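Listed here are the chains, written in short residue letters.
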Amino acid sequence: MSALLEDKIVLVTGASSGIGREAAKVIAAHGAKVVAAARREAEIAETVRQIESAGGAASYVITDVTDASQVERAVQHTVSTFGALNAAFNNAGVIEEPSSLHLVDSDDFDHIVEVNLRGVFLCMKYEIAYMLENRGGAIINDSSYNGVRGNRKRTIYSATKHAVLGLTKSAAVDYARKDIRINAVCPGPIDTEMMHSLDNDNPADRTAIEQWIPQGRYGQPTEVGELVAFLCSDASSFITGQAISIDGGVTA
């Protein structure tokens, strides 16, 4: 039996840590060649090292997803290094400090929107442009369970993750007959450094959050990676325009 992503080339943004790094590793384990993109060179180089140590093929490209020229370069690097771009996981994102909306600084608003919304838009723009000329492909955007519900203390983050779903669904309809599938994953609490910044690495806080989750635990970033790998693959060929929650039942 062939690997799920054998002969696929996949670009992963935000691949320096957390969901991005683990998704890149899972995708590579399924047979894909992976390009890891992020701003921090040492960290994405480590992602590539881990993939190669496990027998996979990978490269990295330093990328700030808010910079159009750098995003375009990431796509070009993927194609020049491995010969194609078959799928992409647009995962790069930031979260805001907890606050009510009337207390949010306008510069913080701009930064969150710039990374979480403009970043996904730019990635889609250049990925789609390539795929239109090269037999299609699959794009997966990282939204959040906060993209399908409100968050009273992280209003701007939640708003950008709702907007990612709007981009996903609208573009999916636009390009459905061009052999480009576009979906989003909506992770709940996942056991990553970002989540630890939210639970303050405090066992009591973590326990309280886990008790709130119907399955009673944090998700693992590899579990998100497996979902992304499936959506990158031909096994999901009739799935497009969907926002797929992976949250232990939080949004059930």
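Residues numbered from 1 in each chain as written. Predicted model: local features only at pLDDT ≥ 70, side-chain atom pairs only at ≥ 80, totals over all residues. Heavy atoms only, no water.

Colleague: Sorry if this is basic, but what is going on with the overall build of the chain here?
Modeller: On a plain count of helices and strands, the chain comes out with 8 helices and 7 strands. Computed over the C-alpha atoms, the radius of gyration of the chain is 17 Å, within 12% of the 18 Å expected from 2.2 N^0.38 for a compact globule of 252 residues. Of all 252 residues assigned to the chain, the portion counted as buried reaches 48%. Put simply, of all contacts in the chain between residues at least 6 apart along the chain, 70% involve residues at least 24 apart. Of the roughly 11,700 Å² that the chain leaves accessible, carbon and sulfur atoms contribute 49%. Separation between the mean location of the 22 positive side-chain charges and that of the 32 negative ones in the chain comes to 4 Å. (Helix = DSSP H or I, 4+ residues; strand = E, 2+ residues; numbered from the N terminus. Rg over C-alpha atoms; globule rule 2.2 N^0.38 Å. Buried < 20%, exposed > 50% of the residue type's maximum accessible area, 1.4 Å probe, protein only. Contact = heavy atoms within 4.5 Å. Areas by Shrake-Rupley, 256 points an atom, 1.4 Å probe, with all protein chains shown as cover. Lys, Arg positive; Asp, Glu negative; His and termini not counted. Charge placed at Lys NZ, Arg CZ, Asp CG, Glu CD.)

Colleague: I tried to follow helix 1 (residues 18-29) on my own but got confused; where do I start?
Modeller: Count 3.6 residues to each turn of an α-helix, and residues three or four apart come out pointing the same way. With 12 residues, helix 1 extends 17 Å between its outermost C-alpha atoms, agreeing within 8% with the 16 Å of an ideal straight helix rising 1.5 Å per residue. Those residues of helix 1 that fall on the buried side of the exposure criterion are Ile-19, Gly-20, Arg-21, Glu-22, Ala-23, Ala-24, Val-26, Ile-27 and Ala-28. The positive-phi residue at the C-terminal boundary of helix 1 is Gly-31, with phi of around 105°. (Expected span 1.5 Å × (residues − 1).)

Colleague: Explanation requested: the pattern of salt bridges in the structure shown.
Modeller: Pairing between side chains of opposite charge can happen when the charged atoms of each approach one another. Under the criterion given, the structure shown has 8 salt bridges. One salt bridge in this structure joins Glu-22 and Lys-25, with 3.4 Å as the shortest N-O distance. Highlighted residues: Glu-22 and Lys-25, both in helix 1, separated by 3 residues, approximately one helical turn. Of the charged contacts in the structure, one is a salt bridge between Glu-43 and Arg-40, with a shortest N-O distance of 3.9 Å. One salt-bridge network, held together by shared partners, links Asp-191, Arg-206 and Glu-210. (Salt bridge = Lys/Arg side-chain N within 4 Å of Asp/Glu carboxyl O.)

Colleague: So what exactly am I meant to see when it comes to the nonpolar core here?
Modeller: Side chains of nonpolar character tend, in soluble globular proteins, to be buried together. Counting residues in hydrophobic clusters, the biggest one holds 30 residues, and the most contacted among them are Val-12, Ile-27, Val-34, Phe-89 and Val-228. Elements with a minimum of two residues in this core: strand 1 (9-13), helix 1, strand 2 (33-38), helix 2 (41-53), strand 4 (87-90), strand 5 (137-142) and helix 8 (221-232). Aside from chain neighbours lying at most four places away, what touches Val-228 is Ile-27, Phe-89, Ile-140 and Val-185. In this structure, Ile-9, Leu-85, Ile-128 and Met-131 belong to the second largest nonpolar core, which totals 28 residues. (Core = buried A, V, L, I, M, F, W, Y, C linked by side-chain atoms within 4.5 Å.)

Colleague: Please clarify how helix 8 should be interpreted in this entry.
Modeller: With 12 residues, helix 8 should cover 16 Å at 1.5 Å per step; its first-to-last C-alpha distance of 16 Å lies within 8% of that length. Against strand 1, helix 1, strand 4, strand 5, strand 6 (180-187) and strand 7 (243-246) lie the buried residues of helix 8.

Purely spatial values, then, with no claim about function.
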